[in-house]
Each structure stands twice: as C-alpha cells, then as structure tokens.
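Structural overview for review
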Amino acid sequence: MKKKTAMITGAAGGLGQAVVEKLIDQDFMVFVNDNNQKRLDLLAENYDSSSIYPMCFDVTDEAAWQKAAATIQEKAEKLDVLFNNAGIFKIATIEDTTVELWEKTLAVNTLSMFLGIKEMLPLLGDGSSVINTASIASFLGSKNRIAYAASKGAVAALTKAAAIELAPRGIRVNSVHPAYINTQMAEHAAQATDRTKEEMGQRIPLHNRISTADEVADAVVFLATEGSRFMTGAEMVVDGGQSVN
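Structural notes, computed from the coordinates. (Residues numbered from 1 in each chain as written. Predicted model: local features only at pLDDT ≥ 70, side-chain atom pairs only at ≥ 80, totals over all residues. Heavy atoms only, no water.)

1. Some details on the pairing of strand 6 (residues 172–178)
- Buried residues dominate strand 6, accounting for seven of its seven residues.
- Neither face of strand 6 is left uncovered, since the one carrying Arg172, Asn174, Val176 and Pro178 and the one carrying Val173, Ser175 and His177 both have all their residues buried.
- Across five bridges, the pairing between strand 5 (residues 129–133) and strand 6 is parallel. Looking at the pairing, valine 130 lines up with valine 173 of strand 6.
- Between strand 5 and its parallel partner strand 6, the chain crosses via helix 5 (residues 146–166), and the hand of that crossover is right-handed.
- Taken together, the four bridges between strand 6 and strand 7 (residues 235–238) define a ladder with parallel strand orientation. The residue of strand 7 that forms the bridge with valine 176 is methionine 236. (Buried < 20%, exposed > 50% of the residue type's maximum accessible area, 1.4 Å probe, protein only. Helix = DSSP H or I, 4+ residues; strand = E, 2+ residues; numbered from the N terminus. Pairing = 2+ DSSP bridges. Right-handed = clockwise from strand over helix to strand, strands pointing away.)

This is the structure:
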C-alpha cells in the first residue's frame, strides 16, 4: 500500500472525527475504532471505502487489539500513525468515586493505550508516530475528577517511558494535552458543574472560549507528520493558555 496508514481509537467522537478528516485529506488510509458500530458506520459513510476501515471493538480487550493488528497487517502491512484517543470522563467527588468507576476510567483511558502500543508495535517502524490523548488534568489539580486526573497523569508517564524505549527504533511517542474541547465531554462537564460552555471558556486567556475539535486536531496531525520528526516524549499543550493563567 502506497498510502500512509493510521489507526485512531475513539474515532467517532468529536476530536477523533476531526483527525480522521484531516488525515484522509492528506491521503492516509485510516483504520477507525469506536465501541459503537452505528457511530462508526455513520463516520465511514462520509469517505471512500479505500480511505477508511471501521473496526468496532472494546479498547480494553487485549484479544480485540490482537485481532485489529492482524487485520491491519493483512490490509496494509504496516502502520505509520497510532492515535490513542479513546477515553471516558466523569465528574465525581472522592466519596462518590466507586472502585468500579476508578477501574473503568483507568482501563479505558490508560490500559487501552498500553495495549495499543504493545499490539501495534510489530507494525510500527522507523518514522512512525504514536500520539496519546492526555489532558491538562495530567499536571493540574482537578477537583471532583480524581479518577480522570489519575488516568491522564498515567498517560503522560506512559508516553515518556514509551518514547525512551522506542526511540532507538525511530518510533516517536508524544502526548497532546487539551483543556475542554467543544464535544460531548464538555457538555457533561457543563451540566455536572451547573455552568454553560461559555462560562467555562471565560477562564481561558486566548479568545475566552473552549477549543474546537478542529484546533486540537491540527496539533495531533502535526505530531503525526513530518513537521514533528525530531519530537518525542513531548507534552503538547493545546489549552488557549488556561494552564498558565
């Protein structure tokens, strides 16, 4: 296959869809994952079948990742970009955070990235790029979201560990750290904290608003392509200045 190839988890969400569109515009073949077949099918309908291949599976399932790797091996033989983007987010106090919520959040937000890197590694080679979606919650205090913050802190550490280990193979591993993006997660946060998204954006110095999926997707695509060829282990913060305000 002459086209470059990418695997994107959580592809049917707002950020995932924006990255899919940008990579296909750059003539990538994109393998797209989500745990909802209907949403995947709707996404795939927007593109020619030669550019997109939907893969519905649970990103916390090791066997499912192994099957996905075998499919990519069969159809494309290699993988140029792995965008680990699947994630969940729930606002809850420490008292209201159950062990079940804690384990699910760490599984979806962190275990899935470990599995993605581990199982896709045979397909990645010199020049390949892995991008992990973290959050500014990985390094800022985050009230009432202890499981989410812990999971994203783990993503940041996982990214750096993988970057050091895989650098001798020419594989780059970086993380992107957005604040709120104008997606369903922001809707949940607004409802849970009795605010509007406009009010949430007032804390952000640049433009006084939360980001669009398109703005964060540009950073992801930069990390996926040649412009970032000397970057690995980096935390790319895309938050409109919120973390320094």
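2. A look at the packing of helix 1 (residues 14–25) against helix 8 (residues 213–224)
- Where helix 1 meets helix 8, the closest approach of the two axes is 8 Å, and the angle between their N-to-C directions is 55°. On the basis of their axis angle, the class for helix 1 and helix 8 is oblique. Considering how the two elements wind past one another, helix 1 and helix 8 form a crossing that is right-handed. Taken together, the residues of helix 8 that come into contact with helix 1 (itself represented by Gly14, Leu15, Ala18, Val19, Lys22 and Leu23) are Ala213, Asp214, Val216, Ala217, Asp218, Val220 and Val221. (Axes fitted to C-alpha atoms, helices over the stretch in contact; angles between N-to-C directions. Parallel < 35°, antiparallel > 145°, perpendicular 65-115°, else oblique. Left-handed = near helix turned anticlockwise from the far one by under 90°. Contact = heavy atoms within 4.5 Å.)

3. Some points on the sheet that holds strand 2 (residues 28–34)
- Sheet architecture is open: seven strands sit in the order 3-2-1-4-5-6-7, paired in parallel fashion. Strand pairing shows two members of the sheet lacking a second neighbour, strand 3 (52–56) and strand 7, which therefore form its edges. The sheet shows a mean angle of 20° between the axes of neighbouring strands, direction not considered.
- The sheet contact formed by strand 2 and strand 3 spans five bridges and is parallel. Among the inter-strand pairings, aspartate 34 is bridged to a residue of strand 3, identified as cysteine 56.
- Running over the sheet, helix 1 touches strand 1 (4–8), strand 2, strand 3, strand 4 (81–84) and strand 5 and is turned about 165° from strand 2.
- Along the sheet, helix 2 (residues 37–44) contacts strand 2 and strand 3; its crossing angle with strand 3, the most-contacted strand, is approximately 175°.

Shape descriptors only; they carry no functional weight alone.
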